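Descriptive structure summary
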Amino acid sequence: MPADSCASTGIDADRVAEIRRSLPSDETVQDLAQVFGLLADPGRLRLIAALLEAGEMCVCDLAETTGQSMSAASHALRLLRANRVVRVRRAGRMAYYRLADSHVRMLFDLAITHVDHGEGDRGDD
């Protein structure tokens, strides 16, 4: 029998119903998918990592730091801002970006810990 199948065809209806009630709403799942989709891009992750280190940076410095063109960095920052991952502060013609809140740092740190924890261990337990 394959490892990814059930040994029996019976369903534990009570357990299934209990777990279904505890799942996030469809709207919440859609919002999560949007955030994780944003974070699935290496360029955007580099921008977030730079902001984690610097606290706040202008678009020019962010582009240079992450090895992106100004256009690519600006586009990525617009997407991150539209989804409340970063905030912008304007000073004259300059735009300075920072992370929107500490949740982004926590999510990023947990993801790095998860990746580092699994280094070399790709098997199923």
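Notes on the structure in this doc start here. (Residues numbered from 1 in each chain as written. Predicted model: local features only at pLDDT ≥ 70, side-chain atom pairs only at ≥ 80, totals over all residues. Heavy atoms only, no water.)

1. Focus: unusual backbone geometry
Our working definition: Where helices and strands are cited, they refer to DSSP runs of H or I of at least four residues and of E of at least two residues respectively, numbered from the N terminus. Burial classes: relative accessible area under 20% of the type maximum marks a residue as buried, over 50% as exposed, and values in between as partly exposed (1.4 Å probe, protein chains only).
Unusually for a residue other than glycine, R84 sits at a positive phi of about 60 degrees. Within the secondary structure layout, R84 lies in the loop between α5 (70-82) and β2 (86-91). Take R84: its relative accessible area is 68%, and that puts it in the exposed class.

2. So, the nonpolar core
Rules: Only buried residues count toward a nonpolar core, which is a set of Ala, Val, Leu, Ile, Met, Phe, Trp, Tyr and Cys residues joined through side-chain atoms within 4.5 Å. Contacts are assigned to residue pairs with any non-hydrogen atoms lying within 4.5 Å of each other.
The biggest cluster of nonpolar side chains holds 22 residues, and the ones touching the most others in it are I48, L51, L62, V85, V86, Y97 and L99. At the level of elements, α3 (42-54), α4 (59-66), α5, β3 (94-99) and α6 (102-117) are the ones that each hand at least two residues to this core. The contacts of V85, once residues within four sequence positions are left out, are L38, I48, L80, L99, A100 and V104.

3. So, a nonpolar patch on the surface
How we decide: Exposure above 30% relative accessible area and the lack of any salt bridge qualify a residue for a patch; like charges then connect within 9 Å, and the nonpolar side chains Val, Leu, Ile, Met, Phe, Trp and Tyr within 5 Å. Areas reported as accessible are Shrake-Rupley estimates using a 1.4 Å probe. Residue values count occlusion only from the protein chains shown. For this analysis, a salt bridge means a side-chain nitrogen from Lys or Arg found within 4 Å of a carboxyl oxygen belonging to Asp or Glu.
Side chains of L32, F36 and L107 sit close together on the surface and give an oily, nonpolar patch of about 260 Å² of accessible area. Structurally, F36 can be placed in helix α2 (residues 26-38).

4. Considering the sheet that holds β3
As a reminder, the rule being used: When DSSP finds two or more bridges between two strands, those strands count as paired.
Taking strand neighbours across the sheet as the criterion, the three strands line up as β1-β3-β2 in an open arrangement whose pairing is antiparallel. Looking at strand neighbours, the two that pair on one side only are β1 (57-58) and β2, the edges of this open sheet. Where β1 and β3 come together, two bridges link them in antiparallel fashion. Note that in β3 the partner of M57 across the bridge is Y97.

5. Some thoughts on the side chain of Q68
Selection criterion: We define a polar contact as two N or O atoms separated by no more than 3.5 Å, with the added condition that, inside protein, one atom must be a possible hydrogen donor and the other a possible acceptor, whereas residues neighbouring each other in sequence contribute only through side-chain atom pairs.
Mapped onto the elements of the fold, Q68 is located in the loop between α4 and α5. For Q68, the side chain forms a polar contact with the main-chain oxygen of G43, separated by 3.0 Å. Among the polar contacts made by the side chain of Q68, one reaches the side chain of T66 at a distance of 3.1 Å.

6. Things to note about α3
Worth spelling out the cut-off: An expected span of 1.5 Å times one less than the residue number is assigned to each helix.
Relative to the 18 Å expected for 13 residues at 1.5 Å per residue, α3 spans 18 Å between its end C-alpha atoms, a close match to the ideal helical length. All of the buried residues along α3 are G43, R44, L47, I48, A50, L51 and L52. Between a side-chain oxygen at the N-terminus of α3 and the backbone nitrogen of G43 the separation is 3.1 Å; the capping residue is D41. Looking one or two residues past α3, G55 carries a phi angle of roughly 90 degrees, positive in sign.

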